[in-house]
Amino acid sequence: MRYIEFGPQKTKVSEVILGTMRIWEKTPEEVATLIESALGVGINAVDTAPIYGPSEGKIGAAFALTPGLRDRVWLQTKLGIRKHPRLDANYFDFSHDYIIESVEESLRALQTDHIDSLLLHRPDALMVPEEIADAFQQLHDEGKVLDFGVSNQNVAMMRRLQRYLPFPIAANQVQLSAAFTPAFDSFFNVNMQNEASPMRDDGIFEYAYDHDQAIQAWSVLQHGYFGGVFFNNPDYTELNEALDRIAADHDTTRTAVAVNWVLRYPGKMQAIVGTTRPERVAEAAAACDFEMSREEWYEVYLSAGNRLP
Ligand SMILES: NC(=O)c1ccc[n+]([C@@H]2O[C@H](COP(=O)([O-])OP(=O)(O)OC[C@H]3O[C@@H](n4cnc5c(N)ncnc54)[C@H](OP(=O)(O)O)[C@@H]3O)[C@@H](O)[C@H]2O)c1
């Protein structure tokens with residue numbers, strides 16, 4: 001496993017993170033086994049969120065079952081996505097009081113006294129940066145949250161928030177996979193008049209590099225917006241062939257190559273893997289055991305159907 005120095009605490013956090021969005025059918029015993037399997041291959045980081053249904057509660061129950069487990073894990077949760085009381089839809093809430101309330105609920109569910117990293121989950125149009133900064137400062141002073149970050153935010157949003165925050169935004173969690181690359185597409189097609197050229201995020205990858213910020217890639221094996229895994233998908237035959245070819249050359253699996261592809265981008269990259277199976281956690285961790293060449297990285301990008309100028 002490889003590790004980055006995360007946030008101002010410079011905590012040693014693994015480049016591969018165990019995501020827990022899909023553990024809703026698992027028992028606390030199975031969740032404990034899944035977390036142990038991650039720790040066994042060097043993954044010391046677990047990502048969750050209150051909007052992932054029973055995920056936080058299951059992790060908390062797993063901690064309660066296994067003395068000492070909480071202390072071996074770097075724990076990240078998020079906040080701000082709420083179920084609308086009248087509509088069959090979510091809405092977003094980064095108000096001061098809801099930030100505090102949500103963290104208190106997460107601490108209870110996770111059966112812990114602190115969260116290592118807290119992310120604002122999806123941008124709230126009504127967010128007031130001063131309010132967020134006040135809430136974060138309070139949670140930090142109380143020892144309830146150590147580091148803070150965002151998710152799915154563009155550069156303008158982060159710049160505005162950072163003006164008021166007393167600590168750096170440690171991470172931006174965004175969607176990225178070999179089959180989901182809008183940020184790279186606009187990068188390659190800068191100032192061109194084709195469909196790939198519009199920049200949708202303001203340069204989040206460049207911002208992260210310049211600010212020593214971790215990029216946490218979510219859905220590293222998916223295409224589209226929750227479109228499913230691209231493995232064995234007939235729309236991605238060429239991509240799967242390229243992954244298998246590179247996997248054979250490095251004596252590894254296509255999972256490891258797909259995760260390595262995300263981590264290969266320069267800077268503090270992390271890949272959140274959402275498998276619920278211990279054996280696949282180990283396959284993903286093997287992404288850190290080899291170095292992908294520049295030619296291989298571009299082969300994956302081109303095989304996913306992208307064209308370069
Ligand atoms: N910030 C955000 O807005 C946001 C949004 C979405 C997700 N996330 C975070 O990112 C994490 C990962 O997201 P994700 O779950 O979409 O990631 P993912 O790792 O791309 O997908 C996991 C899914 O792929 C399946 N899978 C894995 N390997 C497979 C294989 N070889 N063949 C077939 N299926 C395979 C898994 O099934 P098995 O369980 O059977 O292996 C699981 O259902 C989440 O847990 C969450 O922590 C964040």
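Above this text you will find the structure in question.
About the criteria used
- Every residue gets a number counted from 1 within its own chain, in the order that chain's sequence is written.
- Thresholds applied to this predicted model are a pLDDT of at least 70 for local features of residues and 80 or more for the giving and counting of side-chain atom pairs; totals over whole chains, interfaces and linings are not thresholded and use all residues.
- Only heavy atoms go into the side-chain values, all of them from the structure, while hydrogens and water stay out.
- For helices the rule is a DSSP run of H or I covering at least 4 residues; for strands it is a run of E covering at least 2, with both sets numbered from the N terminus onward.
- Atoms considered for the radius of gyration are the C-alpha atoms alone. The globule rule reads 2.2 Å times the number of residues to the power 0.38.
- Buried residues are those whose accessible area, probed at 1.4 Å on protein chains only, stays under 20% of the maximum for their type, while exposed residues exceed 50% and partly exposed ones sit between those limits.
- Being near a molecule or strand, for a residue, comes down to having at least one heavy atom within 4 Å of it.
- Any N or O atom pair separated by 3.5 Å or less is treated as a polar contact, with the protein-specific requirement of one donor-capable and one acceptor-capable atom, and with residues adjacent in sequence counted only for side-chain atom pairs.
- In these tables, accessible area is a Shrake-Rupley quantity obtained with a 1.4 Å probe, and a residue counts as shielded only by the protein chains included in the view.
- Gly is placed with the polar residues, together with every amino acid not listed as nonpolar (Ala, Val, Leu, Ile, Met, Phe, Trp, Tyr, Cys and Pro) or charged (Asp, Glu, Lys and Arg).
- In this description, contact between two residues means that some pair of their heavy atoms is separated by no more than 4.5 Å.

A. Spotlight on the overall build of the chain. If you tally the helices and strands in the chain, you get 11 helices and 12 strands. Here the chain has a C-alpha radius of gyration of 19 Å; the compact-globule value for 309 residues is 19 Å, and the two agree. Counting only C-alpha atoms, the chain reaches 50 × 45 × 40 Å along its principal axes. A buried classification covers 54% of the 309 residues belonging to the chain.

B. Structural detail: the site of the ligand. Close contacts around the ligand come from 26 residues, with R22, D47, S219, T275 and T276 the closest. M21 is positioned such that a nitrogen or oxygen atom in its backbone is 3.0 Å from an oxygen atom of the ligand. Residue Q222 places a side-chain N or O atom 2.8 Å away from an oxygen atom belonging to the ligand. Burial of the ligand by the protein chains amounts to 87% of its free accessible area of 920 Å². Counted by class, the shell around the ligand contains 10 nonpolar, 11 polar and 5 charged residues.

C. Fine view of helix 11 (residues 294-303). Looking at helix 11, one finds that the buried residues are E296, W297, V300, Y301 and S303. Packed against the buried residues of helix 11 are helix 6 (182-188), helix 8 (237-249) and helix 9 (254-263). G305 lies just past helix 11 and shows a positive phi near 100 degrees.

D. View of the side chain of T66. Mapped onto the fold, T66 is located in the loop between helix 2 (55-65) and strand 5 (74-79). Leaving out residues up to four positions away in the same chain, T66 has contacts with A32 and E36.

The analysis is restricted to geometry; functional conclusions fall outside its scope.
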